[in-house]
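Structural overview for review
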Amino acid sequence: MDELLVKYYERTLSPEECEKVESWIKSSEENAALARLVLQATLALDAEVAMKLIDTDAALGKVNKRIAKKTEMFWLTWMERVAAVLFIPLLMTTLLLGRKGIPDEARVIVVKTNPGMTTDLSLPDGTKVSLNSGSILTYPEIFTDDERKVELKGEAFFDVVKDPERKFVVETVRGTKVEVLGTAFNLEAFPDDSLISTTLIRGKVCFDNGVGITYILPGEKLVYNVSSKQLKKNMTSGVCETAWKDNKLVFQNTIFDEAMRMLEKRFNVDVVVTNDKYQKDAFTGSFTDQRLDRILEIFKLSSGIRWKYDLPADTTGKKSKVVIY
C-alpha cells in the first residue's frame, strides 16, 4: 500500500487502482494519517528534483552582487542540503541578510529545520552542529568578536572546535545561555517548553540562567525548569539524548512523559494523554525506521497503553494528534 500511495499522489495509477486506494484511505483514521505522511513526502521529493536543476553557486553570486550595489535587504533562499528522518527529505532554508552600514562579516545566517526533520552543518570556525526537528539556529557568517556567539531555538548537538582565545556561547530562550571553549554537548531549549536541558558528552560547560552559573561535567545532564527556576542534575550515558542525530530513537528506562515527548519531536505529532495510569511506566528499546504506529503497538504490548489517531476535520497545516487513553 505504501507504494500504491506514492503512485496515487504521482497520478500514475489506473482508475480502478485509484478507487482502491481512496477506499483504503477512508477505511480508518490510521490509514488517513499514513496517507498524509506519504503526500508530504511526495511533495518534498518533487521539490528536491526541482532544486537539483538550480545552479546555486550562480544564484549566490548574483545576490552578492546585488547586495554590494544596493542598500536594501535581500534574501537568498536555496537548498543547503537534504537530510532525512524516516523517508521525508529536509528542505532547509538559509538566509543571508545585508543592511546598509553593516559590514559583510556581520551578515547573519538562519538555518531552520522543518518539523520531523534533522540536518547537519558546519559553523565558520569548523564547529559541527546537528539540528533537530523544528529548530532554528542563528549565527554570523564570520565570527569577528572575542567570542563565538550563536542563538538556538529548539534542539541541537554541538561538537565545538577548541579556541582558547574565544569562548563559544549558545544563547537560548528566556535569557539562558551555555558557554564553552571546546566540547561536545546536546542542548534542548524550545520556546514553548518549560524545561531546558543540557547533556555533556565531552569537555566542560557552564549553564547561565541569568541568576547564577552551574558547571556541567561529562556524563551529566542538567535540566532547568524555567517556571520554577529549579535546576536538577542527572547522570546519563548521553545515548538517549543524542540518538536523534543518527536518526534513531533510543529509550533506556525512559519515563512515560519523556518517551511521549521524544515521539512528538520525531514524528511531528501532538500526543494527548487522557489517562494518568501510565505515568509510572518506563520504556527500554531502540528504533530506527519504524513508523509511529508500529512503535505505539510495541508500547501497547509492553505496558498495555491504548492509543488512537484523533484527526481534525480540517487537516491543513495542522499536526496529527495521537490520544493515549
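Preceding this section is the structure that the text describes.
Residues numbered from 1 in each chain as written. Predicted model: local features only at pLDDT ≥ 70, side-chain atom pairs only at ≥ 80, totals over all residues. Heavy atoms only, no water.

1. Brief notes about the overall build of the chain
Each helix and strand counted, the chain has seven helices and 21 strands in total. Out of the 325 residues belonging to the chain, those deemed buried represent 42%. Across the chain, every contact between residues at least 6 apart in sequence was considered, and the portion connecting residues at least 24 apart equals 44%. Only carbon and sulfur atoms are counted for the fraction: they give 50% of the accessible area of the chain, which is about 17,500 Å². (Helix = DSSP H or I, 4+ residues; strand = E, 2+ residues; numbered from the N terminus. Buried < 20%, exposed > 50% of the residue type's maximum accessible area, 1.4 Å probe, protein only. Contact = heavy atoms within 4.5 Å. Areas by Shrake-Rupley, 256 points an atom, 1.4 Å probe, with all protein chains shown as cover.)

2. A short note on the nonpolar core
Residues L123, L137, V150, F158 and F185 are the most contacted members of the largest nonpolar core, which totals 30 residues. Grouped together as the second largest cluster of nonpolar side chains are 23 residues, F251, F256, L292 and I324 included. (Core = buried A, V, L, I, M, F, W, Y, C linked by side-chain atoms within 4.5 Å.)

3. Considerations on a negative patch on the surface
Together, E16, E17, E19 and E22 give the surface a local cluster of negative charge. Here E16 is to be found in helix α2 (residues 15-26). (Patch = residues over 30% accessible without salt bridge, like charges linked within 9 Å, V, L, I, M, F, W, Y side chains within 5 Å. Salt bridge = Lys/Arg side-chain N within 4 Å of Asp/Glu carboxyl O. Lys, Arg positive; Asp, Glu negative; His and termini not counted. Charge placed at Lys NZ, Arg CZ, Asp CG, Glu CD.)

4. Here's the deal with the environment of L249
Looking at the secondary structure, you find L249 in strand β17 (residues 249-255). Each residue touching L249, except ones within four places of it in the same chain, is listed here: M262, L263, R266, F267, G285, S286, F287 and I295.

5. Some points on the environment of T274
You can see T274 is positioned in the loop between β18 (269-273) and β19 (282-287). According to the relative accessible area criterion, T274 is exposed, its value standing at 54%. Each C-alpha atom, one on T274 and one on Y325, is 5.1 Å from the other, the two residues being 51 residues apart in sequence. Ignoring any residue separated from it by four or fewer positions in sequence, one finds T274 in contact with V323, I324 and Y325.

6. What about the packing of helix α6 (residues 256-267) against helix α7 (residues 292-303)?
The N-to-C vectors of α6 and α7 enclose an angle of 165 degrees; their axes lie 11 Å apart at closest approach. Here α6 lies roughly antiparallel to α7, going by the angle between them. As for the relative orientation of α6 and α7, their crossing is right-handed in sense. Facing α6, whose interface residues are M260, L263 and F267, α7 presents L292, I295, L296 and F299. Residues of the contact of α6 with α7, tallied by class, amount to seven nonpolar, no polar and no charged. (Axes fitted to C-alpha atoms, helices over the stretch in contact; angles between N-to-C directions. Parallel < 35°, antiparallel > 145°, perpendicular 65-115°, else oblique. Left-handed = near helix turned anticlockwise from the far one by under 90°. Nonpolar A, V, L, I, M, F, W, Y, C, P; charged D, E, K, R; others polar.)

7. Quick look at the sheet that holds β18
The three strands are arranged β18-β21-β20 in an open sheet whose pairing can be described as mixed. The outermost strands of the open sheet, each flanked by one partner alone, are β18 and β20 (307-310). Between one strand axis and the next, the sheet turns through 25 degrees on average, direction left out of account. Of the strand pairs in this sheet, β20 and strand β21 (residues 320-324) are connected by four bridges, and their pairing is antiparallel. When the bridges of β21 are listed, Y309 appears paired with V322. Where α6 meets the sheet, it contacts β18 and β21, and its direction lies at approximately 155 degrees from that of β18. Contacts from α7 reach β18, β20 and β21, with the element oriented near 150 degrees to β20. (Pairing = 2+ DSSP bridges.)

8. What to know about the side chain of D163
Relative to the elements of secondary structure, D163 occurs in the loop between β8 (147-159) and β9 (167-171). Judged by its relative accessible area of 18%, D163 falls in the buried class. For D163, the side chain forms a polar contact with the side chain of R166, separated by 3.0 Å. Discounting residues that sit within four places of it in the chain, D163 has contacts with R148 and L181. (Polar contact = N/O pair within 3.5 Å; in protein donor to acceptor, adjacent residues only side chain to side chain.)

9. Quick word on the pattern of salt bridges
Close approach of charged atoms allows side chains with opposite charge to pair. Counted under the stated rule, the structure contains 16 salt bridges. D163 serves as the salt-bridge partner of R166, at 3.0 Å between the closest nitrogen and oxygen. As a salt-bridge pair, E220 and K233 come within 3.4 Å of each other at their nearest N and O atoms. Placement of E220 in strand β15 (residues 220-225) and of K233 in strand β16 (residues 230-235) is noted, with a sequence separation of 13 residues between them. Exposure remark for E220: the relative accessible area of 14% places this residue in the buried category.

10. Quick look at the pairing of strand β10 (residues 177-180)
Where β9 lies against β10, four bridges are found, and the strand directions are antiparallel. Paired with F168 across the bridge in β10 is V180. Linking two consecutive strands that pair antiparallel, namely β9 and β10, is a turn of five residues; a positive phi of about 55 degrees is found at R174 within it. Strand direction decides the pairing type here: β10 and strand β13 (residues 205-208), joined by three bridges, are antiparallel. The residue of β13 that forms the bridge with E179 is C206.

Without other data, these values stay purely geometric and don't point to any function.
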